Amino acid sequence: MTIVNAGSAASTIPSFEIVDDQGGSHPELPDGTGVDGWLGLSRKVDPGQTDQGTIVFDVIPKHYRLRVADENDNFMYIDIPLNLSSEEPATR
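The rules behind the values
Residues numbered from 1 in each chain as written. Predicted model: local features only at pLDDT ≥ 70, side-chain atom pairs only at ≥ 80, totals over all residues. Heavy atoms only, no water. Pairing = 2+ DSSP bridges. Helix = DSSP H or I, 4+ residues; strand = E, 2+ residues; numbered from the N terminus.

*Asks:* Tell me about the pairing of strand β3 (residues 17-20), and name the residues and values.
*Replies:* Relative to strand β4 (residues 25-27), β3 runs antiparallel, the two being bridged by three bridges. What sits directly across from E17, in β4, is P27. Here β3 hands over to β4 after four residues, with G23 in that stretch at a positive phi of 90 degrees. Direction of pairing for β3 relative to strand β7 (residues 64-69): antiparallel, over a ladder of four bridges. Looking at β7, one finds that I18 is bridged to L66.

So, to be careful, I would describe these as geometric facts and stop short of saying anything about function.
The structure is reproduced here in structure tokens:
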């Protein structure tokens, strides 16, 4: 994920949760040790800066939406497409 702070002050990035189609909520894991680019849980983005990395959830494979809030705590949901393809990427 990529997070951009277009504001004029540093911004703290809260933890995330995903929501399934039945309304069940699943929090982000507190430990992403071993995951490349893990953003961690203590996150701050300075004004005009961008942070990029990975967040981690431990859930069964099915459809989810990422629940995010704006600076006014208005929530929106971002669809997370599910792809269970078992194809290996081509190597050269």
